[in-house]
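Per-entry structural report
One-letter residues, chain by chain:
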Amino acid sequence: MTTRLFGERVQRREDGRLVTGQGRYLDDLGRDALAAAFVRSPHAHARIRDIDVSAALDVDGLVAIYTWEDLPERVRDPLPLLIPHPALTHGRTAYCLARDVVRHVGEPVVMVVATDRYLAEDAAALIEVEYEFLKPVVGIEEAVQGVHLVHEDVPGNVGAHLVQEVPDATGRGARDAVDAAPHVLEFRLDIERSASMPLEGRGVYARWDPDDRSLRVYSSTQTSTSVRMALAAKLGLPLPSVEVIAPDVGGGFGVKIVHPWPEEVLVPWAAMLLGREVKWAEDRREHFVSSAHERAQVQHVRVGFDDEGRLHGLDVTIQHDHGAYTPYGIIVPIITATQLLGPYRVGAYRVEFSSIYTNTVQVTPYRGAGRPQGVFCMERTMDRIAAHLGMDRTAVRAANFIQPDQFPYDQGLMFQDGRPLIYDSGDYPESLRMLKELIGWDAFPAEKERAAAEGRTIGIGIGCYVEGTGVGPYEGGHVQVTSDGRVHVSTGLTSQGQGHETVFAQIAATELGVPIDRVSVVTGDTRRFGYAVGTFASRAAVMSGNAIALACRKVRDKALRIAADALEADPRDLEIVDGDVRVVGNPGAAVPLATVAVLSNPLRYAFDEEAKRATQFTGTASMDRPPVDEGEEPGLEGRDYYSPVRSTFASGMHAAVVETDPGTAEIRILRYAVVHDCGKLINPMIVEGQIHGGVAQGVGGALYERMVYDGHGQLLNASFMDFLMPYATEVPRIETAHLETPSPLNPLGIKGAGEAGVIPVSAVVAAAVEDAEGITISRMPISPSDLYDLRRAAG
């Protein structure tokens, strides 16, 4: 068996367990626990006048009812603002249970605990809350008028305002550069609100041990270590007394990186108070109205360019709808503002965004996290320039590409991690060449003519992006080789189905020279690894992958030192192959890694035949050295951390061919092609799976998924009956090609891949529909009804 597994198409190791029902999701746990349910606001904006629980008190099985007034100090305080920023001058977060005022439909007002979920829901239904209605603020355009306020102390509903500007090489500002350019275009773009739909929503299950005063919490989270720290702070517990475990998580997509959710605080608090296990699992309607949404932005673009399509200046103003609260700060609009630049040299650039409160569900990152909006803006701009000049759309892009010899390339902005926006590597001209070949760009005009002759309308679109991945500050890895030769890997970040169990095992097997079936991987369990940041922003492979590799290298170095003593050889002459440490060129002079693990831990007691080798009377130890040398530790294990100076930047280009129905205006994707560059590939098959899943999600965002609010702030499509998502039948076959430009920033040369697939899809589909119909597309998603209306408006 080969142990050089980095870069190989190793089958996912976790799938057998998951597809045969052996997974342990949140709702599989705590079957005998008390159940929590919540009374949530039916109004988008209202003052709470009274809460009457008397009718619920007679429900059999009721255990407790809590309102904000029942909560203790710290638990009754507002939830933390996780990522403060100087531009977020009016950050506001919710309470665990609403205090005085509710600001969106679905905000939790009362918590009910009963012996099962049905009884808890029955009791919740009997609780009467008296509201005084307040005027809701719905939509960006109403919010910016500032006539009615979401928060009384936030003038104009503006939570944050930020301007970033980079002058051109002559020092000229973007607005002057645009004004002086030979050609100027100005237009508005809109992206509507959407949300992720993980198979299992949020959930939390808590156990309190009153004897040793320890708390164990299972949460469907993307950051178990941060939930642990938040709970210790909120509940006044010593950090070592709190354990948080992320079980199998049925999809995260960003919504579960937010923490602590009200339920993540309230359920453990109730478990401590009641001395009983308590569990809450989010239902689908709760996910729609009380978790988080994303995407909604209005963008105003002014661009100046020359006769060859080269950008002279770009001036973008963004209005970002962040809903009722800002628990995750302004990360989403910052990403839009910075990642908008894509693979291009823009000249002078100015971006200004305002982050606006509305009486709707809060906005936090959703897969792509602001990048789809940014790419939509830039790629629509490229297409407008091409149309204005009568140029091929790929030629305009090529005229503005950063060239391979210009890396590292400093865009002059500050990225979401507070570090300079400096691209590490890439080859955008080669990506474009590969994509044009893959989709058949140059032959498409003839194909379009043939289709037209048959009465069919088809079009082609393209979209390019650069994605900041592997953001810091750090992740860690721990690797232990036990005396049975098994390798145990743990890292603190969590998994939501990405294939971490496979790729981290590939890295460890390759670094240590052991068969992969000897490697086990644990993620998201604070009992095994207490320091971590979390899984988001396409960072897991870059951050934990490199940390695990560094930890493995420590273990390997120690194994070679110990084996060198046993083999009476120089460590520099040793290698590890198939789990044996052996002399290079002399495979017969070898010692199993399992034996090395035994020798690494001097023993007094023999538990088995292997352990007997490490006991004190075997005669193998030197009498001139202590059993454990100075500076060494017992055991064959290592721990290390990876903390990058700044992010890596993956990139890619997508193209699609669509057909539009002349009668029904239905839009069908006929072909979809992707060229993707995430540096060195750990497992091409898993990267392709990530891309395919992302594209499927992007198709949903381009053609189906939107959150529809009425003027009262009621979400009109808060169920799977009304919220459309693509079936497999709507997702085309995705043709994928890889380009590898290794990152110079980390030992493995890798970049992230988790969000790439979703990022450019709306821009690509918009361009393809526009090409098919000859109608300008400036708002996404686009439905058949939307296209029908555009046709009528165009005459």
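What you see is a predicted model, and the numbers here were worked out from it, not measured in a lab.

Cut-offs and rules
- Residues numbered from 1 in each chain as written.
- Predicted model: local features only at pLDDT ≥ 70, side-chain atom pairs only at ≥ 80, totals over all residues.
- Heavy atoms only, no water.
- Pairing = 2+ DSSP bridges.
- Helix = DSSP H or I, 4+ residues; strand = E, 2+ residues; numbered from the N terminus.
- Axes fitted to C-alpha atoms, helices over the stretch in contact; angles between N-to-C directions.
- Contact = heavy atoms within 4.5 Å.
- Core = buried A, V, L, I, M, F, W, Y, C linked by side-chain atoms within 4.5 Å.
- Buried < 20%, exposed > 50% of the residue type's maximum accessible area, 1.4 Å probe, protein only.
- Polar contact = N/O pair within 3.5 Å; in protein donor to acceptor, adjacent residues only side chain to side chain.
- Salt bridge = Lys/Arg side-chain N within 4 Å of Asp/Glu carboxyl O.
- UniProt positions renumbered as here; feature names shortened; annotations may be inferred.
- Arc of directions from axis to C-beta.
- Phe/Tyr/Trp six-rings, centres within 6.5 Å; stacked < 30°, edge-to-face > 60°.

**Quick word on the sheet that holds strand β19 (residues 475-481)**
Read from one edge to the other, the open sheet built from four strands follows the order β21-β20-β19-β25, with strand pairing classed as mixed. Each of the sheet's edge strands pairs with one partner strand only, and the pair in question is β21 (519-523) and β25 (636-642). Looking at each pair of strands side by side, their axes are set apart by 15° on average, direction ignored. Contacts from helix α13 (residues 500-512) reach β19, β20 (487-491) and β21, with the element oriented near 130° to β21. Contacting β19, β20 and β25, helix α14 (residues 540-567) crosses the sheet at an angle of about 145° to β25.

**Digging into the nonpolar core**
The biggest cluster of nonpolar side chains holds 109 residues, and the ones touching the most others in it are L314, Y349, Y423, Y672 and M780. Leaving out residues up to four positions away in the same chain, L314 has contacts with A174, V178, V301, R302, V303, L340, V346, A348, Y349, R350, M378 and T381. In terms of nonpolar packing, the next biggest core, distinct from the first, is built from 47 residues, V481, A508, V514 and V581 among them.

**A closer look at the side chain of T510**
Relative to the elements of secondary structure, T510 occurs in helix α13. For T510, a relative accessible area of 8% corresponds to the buried category. Here the side chain of T510 touches L5 through a polar contact of 3.0 Å, landing on its backbone nitrogen.

**Details of the pattern of salt bridges**
The full count for this structure, using the stated rule, is 64 salt bridges. Residue R92 is joined to D153 by a salt bridge in which the shortest nitrogen-to-oxygen separation is 3.0 Å. You can see R92 sitting in the loop between β3 (62-66) and β4 (101-102) and its partner D153 sitting in the loop between α3 (140-145) and β7 (158-166), a full 61 residues away along the chain. Residue R92 is classed as partly exposed on the basis of its relative accessible area, which comes to 21%.

**Things to note about the sheet that holds strand β26 (residues 648-660)**
Backbone hydrogen bonds are what pair the strands of a sheet, in a parallel or an antiparallel way. What the four strands build is an open sheet, ordered β18-β26-β27-β28; its pairing is mixed. Two strands bound the open sheet, and with one partner strand each, they are β18 (457-469) and β28 (734-738). Along the sheet, successive strands turn relative to each other by an average axial angle of 15°, direction set aside. Pairing of β18 with β26 involves 13 bridges; the strand directions are antiparallel. Bridge pairing links Y465 to G652 in β26. Sheet strands in contact with helix α12 (residues 444-453) are β18 and β26, and its direction is about 140° off that of β18.

**Focus on the UniProt feature "domain: Aldehyde oxidase/xanthine dehydrogenase a/b hammerhead" (unreviewed entry) in the chain**
In the numbering adopted here, UniProt assigns the feature "domain: Aldehyde oxidase/xanthine dehydrogenase a/b hammerhead" (unreviewed entry) to residues 20-135. When the span residues 20-135 is considered, its composition is 8% helix and 29% strand, and the gap between its end C-alpha atoms is 51 Å.

**A few points about helix α10 (residues 393-400)**
Within α10, the full set of buried residues consists of R393, T394, V396, R397 and N400. The buried side chains of α10 occupy one side of the element, clustering within an arc of 160° when seen end-on. Where α10 is buried, its residues touch β14 (311-321), α9 (371-389), α11 (428-439), β18 and α18 (761-773).

**So, the packing of aromatic side chains**
Counted by the stated rule, this structure contains 13 aromatic pairs. When the ring of F407 is compared with that of Y428, the centres are 5.6 Å apart and the planes differ by 75°; the resulting orientation is edge-to-face. Of this pair, F407 sits in the loop between α10 and β16 (409-414) while Y428 sits in helix α11; the two residues are 21 residues apart in sequence, bridging distant segments of the chain. Given a relative accessible area of 15%, F407 falls into the buried group. According to the relative accessible area criterion, Y428 is buried, its value standing at 1%. Aromatic pair Y474 and Y641: ring centres 5.9 Å apart, planes at 65°, arrangement edge-to-face.

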